[in-house]
Amino acid sequence: MQEQSRHEAETVERFLDSTLASVDNAEEIAVGVAQRAGFEEDDLLKIGMAVRESVVNAVVHGNRYNANKKVRFSVVKNSQRFTVRVADEGDGFDFEHLPDPLAPENLLRSSGRGIFLMRSFMDELQIHRLEPAGMEFVLVKYMAAR
Amino acid sequence: MSVKLNTRQVGDVSVVDVAGRITLGEGSSTLRDALRDMVSKNQKKILLNLGEVSYIDSSGIGELVSGFTTVTNSGGQLKLLNLTKRVKDLLQITKLYTVFDVHEEEAHAIRSFA
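First, a word on what this report is: a plain description of the structure on this page. (Residues numbered from 1 in each chain as written. Chains lettered and ligands numbered in written order. Predicted model: local features only at pLDDT ≥ 70, side-chain atom pairs only at ≥ 80, totals over all residues.)

## Quick look at the environment of B:Lys88
All names here are of chain B. Along the chain, the position of lysine 88 falls in helix 3 (residues 85-93). Residue lysine 88 is classed as partly exposed on the basis of its C-beta count, with 15 C-beta atoms lying within 10 Å. Sequence separation between lysine 88 and aspartate 101 is 13 residues; the distance between their C-alpha atoms is 12 Å. With sequence-adjacent residues up to four places away left out, lysine 88 is seen in contact with Leu83 and Tyr97. (Helix = DSSP H or I, 4+ residues; strand = E, 2+ residues; numbered from the N terminus. Buried ≥ 20, exposed ≤ 12 C-beta atoms within 10 Å, placed from the backbone. Contact = placed C-beta atoms within 7 Å.)

As structure tokens, then:
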């Protein structure tokens, strides 16, 4: 049964409220799909953390906790890739000119590490600007080795 | 479980036993408030025991950094004790492991404040 579910495609899609509770919810959903996909403990932790960071970004910096704005969240697993998409309805930001959190002058900054952690924990991170508003984060882990 | 803090005094060092999750929201603000409170009471030697911290996110890392800066700027010292593998890994990839003075044994950490 476990072996069978590992090879089955799975898609989960949700529209989440712009609250911190959505962060836990999103992590739980993504880690659940990843577990069924056969990812091991270390990868589950990394996926969970990357998803948390991306949803925190959408809720806090994108939608700014606005109750009228939603976070579109999806997890798609197929034989090749495990993909999480997180989209907000905010004003967006200049993602091509973010300060490097590892630069000596930024090491003691209290924020600015979320995107770096997403990139560190996943195999791919894509960031897109959406029309008419918002940003989308696409987080990918490859299934090949599993 | 969110974060729980227990502060005890060992000589002139304030040891803060931290347990649970240091994440955006209650977890990180609890730690921030506790450290600010200690600085306002002129406690200069603070040892954060993170041995029971199960999870920390970028906001939690930010609070550790912010706490370190606050304590240092007030003329004090903030050191870390008993990092779990997860926390140690996170501090290493963010290049913060060498910023903090990290210890594995409490007695050794206490002595290092002298």
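## Structural notes on the interface of chain A and chain B
Taken together, the contact pairs 15 residues of chain A with 14 residues of chain B. Of all the secondary structure elements, the ones that give two or more residues to the side of chain A that touches chain B are helix 3 (41-62) and helix 4 (114-121) of chain A. Broken down by element, the residue count for the side of chain A that touches chain B peaks at four residues, all from helix 3 of chain A. Here the side of chain A that touches chain B is composed, by residue class, of eight nonpolar, four polar and three charged. (Nonpolar A, V, L, I, M, F, W, Y, C, P; charged D, E, K, R; others polar.)

## With respect to the sheet that holds strand 1 (residues 10-17) of chain A
All names here are of chain A. Taken together, the five strands give an open sheet; going across it, the order is 1-2-3-5-4, and neighbouring strands pair in antiparallel fashion. Each end of this open sheet is capped by a strand with a single partner; those strands are strand 1 and strand 4 (124-129). Across the sheet, the axes of successive neighbouring strands diverge by a mean angle of 10 degrees, strand direction being ignored. The pairing of strand 1 with strand 2 (residues 70-77) spans eight bridges and is classified as antiparallel. (Pairing = 2+ DSSP bridges. Axes fitted to C-alpha atoms, helices over the stretch in contact; angles between N-to-C directions.)

## Section: helix 1 (residues 26-40) of chain B
Residues and elements named next belong to chain B. With 15 residues, helix 1 extends 21 Å between its outermost C-alpha atoms, agreeing within 8% with the 21 Å of an ideal straight helix rising 1.5 Å per residue. Residues of helix 1 that are buried include every one of Gly27, Ser28, Leu31, Leu35 and Met38, and no others. Looking straight down helix 1, one finds its buried side chains confined to an arc of 100 degrees; they lie on one side. Those residues of helix 1 that are exposed and angled more than 90 degrees off the buried face are Asp33, Asp37 and Ser40. At its buried positions, helix 1 is contacted by strand 1 (4-10), strand 2 (13-22), strand 3 (45-56) and helix 2 (58-73). Directly beyond the C-terminal end of helix 1, a positive phi value near 65 degrees is found at asparagine 42. (Expected span 1.5 Å × (residues − 1). Arc of directions from axis to C-beta.)

## A closer look at the sheet that holds strand 5 (residues 101-103) of chain B
Residue and element names in this part refer to chain B. The strand order across the open sheet formed by five strands is 1-2-3-4-5, and the pairing between neighbours is mixed. Each having just a single partner strand, strand 1 and strand 5 make up the two edges of the open sheet. The sheet shows a mean angle of 25 degrees between the axes of neighbouring strands, taken without regard to direction. Where strand 4 (residues 77-81) meets strand 5, three bridges bridge the pair, whose relative direction is parallel.

## Notes on the nonpolar core
One recurring pattern in soluble globular proteins is that nonpolar side chains are buried together. Within the largest apolar cluster, 32 residues are counted, with the highest numbers of intra-cluster contacts made by A:Ala30, A:Ala50, A:Val51, A:Val55, A:Val71, A:Val86 and A:Met118. Sorting the residues of this core by element identifies helix 2 (21-36), helix 3, strand 2, strand 3 (81-87), helix 4 and strand 5 (135-142) of chain A as the ones contributing at least two each. At eight residues, the largest contribution of residues to this core is made by helix 3 of chain A. Beyond its immediate sequence surroundings of up to four residues, A:Val55 is in contact with A:Ser22, A:Val23, A:Ala26, A:Val71, A:Phe73 and A:Val86. Counting residues in each nonpolar core, the second largest holds 30 residues, with B:Val18, B:Leu31, B:Leu80 and B:Leu83 among its members. (Core = buried A, V, L, I, M, F, W, Y, C linked by C-beta atoms within 7 Å.)

## Description of the pairing of strand 1 of chain B
For a regular strand, the rule is simple: side chains alternate between the two faces of the sheet. All names here are of chain B. Sheet topology note: the strand 1/strand 2 ladder contains seven bridges and is antiparallel. Note on strand 2: the bridge partner recorded for asparagine 6 is aspartate 17. The loop that links strand 1 with its antiparallel partner strand 2 comprises two residues; one of these, glycine 11, has a positive phi angle of about 65 degrees.

Geometry only, nothing functional implied.
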